[in-house]
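Descriptive structure summary
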Amino acid sequence: AATDVNTSSFINEGIYNLIDNDDFKIVFVDPVRLLSSSYSRFRVSASSYYSRPFHPSRKNSTAGSAKQPCVSSGSKKRKRNSISKTHELNEREKAAEKRHQQAKPLLLKAHSALLGATWLLSSLDSMIKDEDVLEPDEGAAFENDFIQLGNLWKAPLFEISLSHEGQSWFQESSGTCPVERTSIQVFNNIISNDLDNEMEVEFSSNQYILPRKSCFFMSDLRWINSLIPVHSDHGFNLIVIDPPWENASASQKAIYSTLPNRYFLSLPVNQLAHTEGSLVALWVTNREKFRIFVEKELFPAWGVTQITSCYWLKVKTDGSLISEMDLFHHRPYECLLLGYINGKDEYDASTSPLRYPKNGEVIISIPGAYSRKPPILKFLSDYIPGKKPPNCIDLFARELQGGWTSWGNEPLRFQDSRYFINR
Ligand code: SAM
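Residues numbered from 1 in each chain as written. Predicted model: local features only at pLDDT ≥ 70, side-chain atom pairs only at ≥ 80, totals over all residues. Heavy atoms only, no water.

The subject of this paragraph is the sheet that holds strand β9 (residues 206–210). The strands making up a sheet are joined through hydrogen bonds of the backbone, oriented either antiparallel or parallel. Strand order in this open sheet of four strands is β6-β4-β8-β9, and the pairing throughout is antiparallel. Looking at the sheet topology across the chains shown, the edges are occupied by β6 (183–185) and β9. Sheet twist, expressed as the mean angle between neighbouring strand axes with direction ignored, is 35°. Strand direction decides the pairing type here: strand β4 (residues 159–162) and strand β8 (residues 199–203), joined by two bridges, are antiparallel. Each bridged residue has a counterpart across the sheet, and for L162 the counterpart in β8 is V201. (Pairing = 2+ DSSP bridges. Helix = DSSP H or I, 4+ residues; strand = E, 2+ residues; numbered from the N terminus. Axes fitted to C-alpha atoms, helices over the stretch in contact; angles between N-to-C directions.)

Here is the structure:
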């Protein structure tokens with residue numbers, strides 16, 4: 001029965017601590033529950049979020065049973081992309097393989113912890129569906145293409161407006177005096193919902209839902225400096241960055257536009273950081289080229305130090321990994337690099353209330369559609385310096401979160417009301 005602290009915290013908040021001690025932190029999360037906590041009248045639709053659900057393949061599954069999930073790492077199946085014994089690895093591949101072998105024991109430990117959590121495993125299948133609605137898989141047909149619209153000459157003329165006049169209001173945050181309005185320029189404008197409730201707005205015949213206390217700036221990278229706070233002590237305590245790394249699969253499937261590495265050097269991460277310290281969390285793909293770039297150029301350029309590596313392990317609804325652990329180009333995990341700006345050089349556990357992340361901490365979830373990353377605030381909350389609740393920013397965002405500022409060329413994308421259902 002779902003009675004212990006972990007199960008109730010999972011049901012209410014979407015986070016389940018599989019292991020949390022001095023050596024390891026391994027959590028399972030349900031992004032739908034985590035994101036939904038920023039709304040009172042709506043919740044994120046699980047069927048839409050997980051619209052490309054990772055069901056076990058027939059061969060591997062035990063007739064839908066969650067009790068005996070397959071542990072992919074030990075399979076004897078032919079491995080499509082694993083390094084064959086005859087293939088001579090080049091230097092980068094060798095380095096990538098070495099990193100993988102170092103991470104593997106931790107990832108397998110995390111996976112075993114999930115497989116041991118019987119109640120959680122048995123609830124995964126129902127987690128990806130909504131009880132009352134069956135959403136048709138409409139793909140992205142209904143969505144506004146913000147990237148394309150933002151590039152039009154008339155982009156400065158596009159406005160969003162309140163769908164229910166008088167119900168709520170929104171404001172331009174850039175000025176000192178909030179201005180009540182019913183329509184507002186949508187691109188290159190800092191827009192916030194300062195209310196304790198979500199707000200419905202309309203743009204180009206679609207409805208969008210802004211979570212409570214959220215803020216967004218929809219622009220190209222060229223205009224990101226507008227987000228730099230005027231006073232350095234108004235900076236962000238948590239800076240999450242999910243760059244559009246150049247990557248064969250993203251460009252082939254055209255999931256989103258990508259940028260060459262040098263563009264990321266110009267991100268004003270250091271100027272966005274809070275003077276009392278910021279935790280920087282950077283998603284990076286498993287390509288060795290990017291890891292080297294981050295370690296040697298990007299983090300030094302941003303002033304990020306005290307670096308640790310965490311992992312996002314991706315599982316199917318029966319708890320098995322989404323791909324073989326050793327598949328070279330399709331690992332079942334991604335890396336989240338953590339570091340600090342303006343951090344304390346010497347960390348003294350006896351005086352500091354702050355916990356520091358350890359190498360190899362793992363967040364596990366069933367991946368959503370469109371390569372969405374899971375929300376990581378709860379996973380990282382112990383490690384964020386400064387005030388509570390922290391001031392958080394999501395760079396290259398495609399969604400908004402309560403209490404966060406989101407920036408990118410399409411941060412309203414997953415706020416379309418068709419991705420939500422009424423509570
Ligand atoms: N974190 C997001 C999520 O979980 O849904 C995914 C971010 S995705 C890796 C990168 C994002 O950067 C895409 O939305 C893409 O459109 C955006 N992007 C690409 N080039 C950009 C540019 N020049 N300026 C602003 N955003 C850009």
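A separate point is the site of the ligand. Near the ligand you find 17 residues, and of these D242, K373, R398, N409 and E410 are the closest. One nitrogen or oxygen atom from the side chain of D242 is found 2.7 Å from a nitrogen atom belonging to the ligand. At 2.7 Å, a side-chain N or O of R398 approaches an oxygen atom of the ligand. Protein burial of the ligand: of its 600 Å² of free accessible surface, 96% is covered by the chains. Split into classes, the residues belonging to the shell around the ligand amount to eight nonpolar, three polar and six charged. (Near = heavy atom within 4 Å. Polar contact = N/O pair within 3.5 Å; in protein donor to acceptor, adjacent residues only side chain to side chain. Areas by Shrake-Rupley, 256 points an atom, 1.4 Å probe, with all protein chains shown as cover. Nonpolar A, V, L, I, M, F, W, Y, C, P; charged D, E, K, R; others polar.)

Working definition: an aromatic ring pair is given by the centre-to-centre distance plus the angle between the planes. Taken as a whole and judged by the stated rule, the model has 22 aromatic pairs. On the numbers, 5.4 Å between centres and 55° between planes, the contact of F142 with Y419 is tilted. Of this pair, F142 sits in the loop between α5 (118–127) and α6 (146–150) while Y419 sits in the loop between β17 (404–408) and β18 (420–422), placing them 277 residues apart in sequence. Residue classification places F142 among the buried residues on the basis of a relative accessible area of 13%. Consider the rings of F158 and F187, whose centres lie 6.2 Å apart with planes at 65°: the pair is edge-to-face. Within this pair, whereas F158 is found in the loop between α6 and β4, its partner F187 is found in the loop between β6 and β7 (190–193), the two being separated by 29 residues in sequence. Both residues of the pair, F158 and F187, count as buried. Members of the aromatic cluster, each reached through a chain of ring pairs, are W245, F264, F290, F293, F396 and W407. Sitting above the plane of the F414 ring, R372 keeps its charged end 4.0 Å from the centroid. (Phe/Tyr/Trp six-rings, centres within 6.5 Å; stacked < 30°, edge-to-face > 60°. Buried < 20%, exposed > 50% of the residue type's maximum accessible area, 1.4 Å probe, protein only. Lys NZ or Arg CZ within 6 Å of the ring centre and 35° of its normal.)

Nonpolar side chains in soluble globular proteins tend to be buried together. Counting residues in each nonpolar core, the largest one holds 73 residues, and the members touching the most others are L18, F28, I239, I241, L267, I364 and L395. If one sorts the elements of this core by residue count, helix α10 (residues 288–302) sits on top with six residues. Among the nonpolar cores identified, the runner-up in size contains 24 residues, and L238, C310, L338 and Y340 belong to it. (Core = buried A, V, L, I, M, F, W, Y, C linked by side-chain atoms within 4.5 Å.)

Of the residues in the chain, 81% reach a pLDDT of 70 or more, and the chain-wide mean stands at 85. Confidence over residues 59–79 falls short of pLDDT 50; this stretch has 31 contacts with residues more than four positions distant or in other chains. Segment residues 164–169: pLDDT under 50, and 12 contacts once partners within four positions in sequence are set aside and those in other chains are kept. (pLDDT = per-residue confidence, 0-100. Contact = heavy atoms within 4.5 Å.)

Of all the positions in helix α1 (residues 5–13), only N6, T7, S9 and F10 are classed as buried. Projected down its long axis, α1 shows its buried positions confined to an angular sector of 165°, all on one face. Those residues of α1 that are exposed and aimed more than 90 degrees away from the buried face are V5 and N12. Looking at the buried side of α1, the elements it contacts are β1 (15–20), β2 (25–29), α2 (31–36) and α5. Backbone geometry just downstream of α1 places G14 in the positive-phi region, at approximately 90°. (Arc of directions from axis to C-beta.)

This paragraph deals with the side chain of N193. For N193, the location among the structural elements is in strand β7. A polar side-chain atom of N193 sits 3.2 Å from the main-chain carbonyl oxygen of P211. Setting aside anything within four residues of it in sequence, one finds N193 in contact with E198, M199, L210, P211, R212, K213 and S214.

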